[in-house]
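# Descriptive analysis of the structure
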Amino acid sequence: MDKGLIELVMNANSLGVLTGAGISAASGIPTFRGKDGLWKKHRPEELANYQAFQKDPRLVWEWYLWRRELIKNVNPNAAHYALVTIEKVVENYNLITQNVDNLHTLAGNQKVTELHGNIMRSKCSVCSKPFLGKINLNAGVPKCEQCNGLIRPDVVWFGEILPQNAIQKAYEIAMRSEIFMVVGTSGVVEPAASLPFIAANNNAYVVEINPQKTPITDITDLYISDPADKALQEIEKKIIERLN
Ligand code: OAD
């Protein structure tokens, strides 16, 4: 592990992290574009969009409930926990995730900006009012008590714009972080893919952790080609050694 990185992290006033599906791979959740990707088995381009929901809301919900079950049965891994340790040692720490799996929050990260929503939440497809009830498809797709709109998963679908407050926060984090870590994302889905470039343009020290190179790799100050759990666990270990 790069010793210079540990010193930088220990002395940083601000650190931003952008995560993608790769950070949850060690928890057993397939990435989107990997060979065992969820996308391949279930053709989500067909299901994760508003038109599909309008056409067959039950089918879309069946797929999301299947994914919820998959996620309910997994735990955060060493990479998620290592980020919690980093959060404790850097004053202005902020995490941006494209993942909808809730694992950063489950691991104990406090400052999480969810760019693509959260699969465990539901909301009205018309007025966006949060829906806190249980989804029981035997009784049909539930409707909003306020406007009678159909309830949908609170995630960003293909073709939809990101929650304004989340993307605004993400841009701010990218612009003001001294260190910007990019973990387990293919860096091909906008606007998240631009965040490391914004950070680099604002003189952040950009670190990428990904076994495979991405369009981001060329602009990094440090590229670590290990899986996220291994790389972040090593960083965490070195930080704890420094603290003792
Ligand atoms: P991808 O599946 O596109 O990319 C996962 C990345 O993780 C790849 O670059 C892998 O090389 C890397 N990876 C795999 N295993 C890893 C490991 N153990 N440690 C570190 N990295 C590893 O997933 P995302 O980039 O997250 O959007 O995809 C971005 C968005 O595309 C998703 O949020 C989703 C999808 O469309 C929406 O649902 C709106």
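Scope of this entry: the structure provided in the associated data block. (Residues numbered from 1 in each chain as written. Predicted model: local features only at pLDDT ≥ 70, side-chain atom pairs only at ≥ 80, totals over all residues. Heavy atoms only, no water.)

### Here's the deal with the pairing of strand β1 (residues 14-19)
- A large share of β1 lies buried, amounting to 6 of its 6 residues.
- Burial along β1 is two-sided: the face carrying S14, G16 and L18 and the face carrying L15, V17 and T19 are both buried.
- As paired strands, β1 and strand β2 (residues 92-97) are joined by 6 bridges and run parallel to one another. In the strand pairing of β2, S14 is matched with N92.
- Pairing geometry for β1 and strand β7 (residues 179-183), over 5 bridges, is parallel. Paired with V17 across the two strands is M181, which belongs to β7. (Buried < 20%, exposed > 50% of the residue type's maximum accessible area, 1.4 Å probe, protein only. Helix = DSSP H or I, 4+ residues; strand = E, 2+ residues; numbered from the N terminus. Pairing = 2+ DSSP bridges.)

### Quick word on the packing of aromatic side chains
- A complete count under the given rule lists 4 aromatic pairs for this structure.
- Their ring planes at 75° and their centres at 5.0 Å tell us that W63 and Y64 sit as a pair that is edge-to-face.
- You can call W63 buried: its relative accessible area is 5%. (Phe/Tyr/Trp six-rings, centres within 6.5 Å; stacked < 30°, edge-to-face > 60°.)

### Let's talk about the environment of S27
- Examined against the element boundaries, S27 turns out to sit in the loop between β1 and α2 (38-42).
- Residues S27 and E62, spaced 35 residues apart in sequence, show a C-alpha to C-alpha distance of 22 Å.
- Other than its neighbours up to four places away in sequence, S27 contacts V74, N75, P76, N77, H80 and L103.
- A polar atom in the side chain of S27 sits 2.6 Å from the backbone oxygen of N75. (Contact = heavy atoms within 4.5 Å. Polar contact = N/O pair within 3.5 Å; in protein donor to acceptor, adjacent residues only side chain to side chain.)

### Describing unusual backbone geometry
- With an omega of 0°, the peptide bond between E190 and P191 qualifies as cis.
- Assignment of secondary structure puts P191 in the loop between β7 and α9 (195-201).
- Despite not being glycine, N102 has its phi angle at roughly 70°, a positive value.
- Here N102 shows up in the loop between β2 and α7 (103-107).
- The backbone phi angle of S128 is positive, close to 70°, even though this residue is not glycine.
- Note that S128 resides in the loop between β4 (117-124) and β5 (130-131).

### Describing the sheet that holds β5
- Read from one edge to the other, the open sheet built from 3 strands follows the order β5-β4-β6, with strand pairing classed as antiparallel. Since the sheet does not close on itself, it has two edges, and those belong to β5 and β6 (151-155), each with one partner.
- Pairing of β4 with β5, which is carried by 2 bridges, proceeds in the antiparallel orientation. Bridging across to β5, K123 finds its partner in P130.
- Where helix α5 (residues 57-72) meets the sheet, its contacts fall on β4 and β6, and the angle it forms with β4 comes to roughly 140°. (Axes fitted to C-alpha atoms, helices over the stretch in contact; angles between N-to-C directions.)

### Here's the deal with the side chain of T217
- Its location among the elements puts T217 in the loop between β8 (205-209) and β9 (222-224).
- The class for T217 is buried, based on a relative accessible area of 11%.
- Those residues in contact with T217 that lie beyond four places of it in its chain are E208 and Y223.

### Let's talk about the pattern of salt bridges
- Per the stated rule, a full pass over the model turns up 10 salt bridges.
- For E114, the salt bridge identified is with R121, shortest N-O distance 3.2 Å.
- Salt bridges here are not isolated pairs; linked through shared partners, they connect E114, R121, K123 and D154. (Salt bridge = Lys/Arg side-chain N within 4 Å of Asp/Glu carboxyl O.)

### A look at the site of the ligand
- In the vicinity of the ligand, 21 residues are found, and the nearest of them are A21, R33, T185, S186 and N210.
- In this structure, an oxygen atom belonging to the ligand sits 3.2 Å away from a main-chain N or O atom of G184.
- In the shell around the ligand, the residues fall into 10 nonpolar, 10 polar and 1 charged. (Near = heavy atom within 4 Å. Nonpolar A, V, L, I, M, F, W, Y, C, P; charged D, E, K, R; others polar.)

### Some thoughts on the nonpolar core
- Of all hydrophobic cores here, the largest spans 27 residues; its most connected members are L15, I86, M181, I209, L232 and I235.
- Among the elements of the structure, α1 (3-11), β1, α6 (78-89), β2, β7, β8, β9 and α10 (228-243) are those that each provide at least two residues to this core.
- With 5 residues, α10 is the single largest residue contributor to this core.
- Ignoring sequence-local partners within four residues, the contact set of I86 consists of V9, L15, Y93, L232, I235 and I239. (Core = buried A, V, L, I, M, F, W, Y, C linked by side-chain atoms within 4.5 Å.)

Read these as spatial facts, not as claims about activity.
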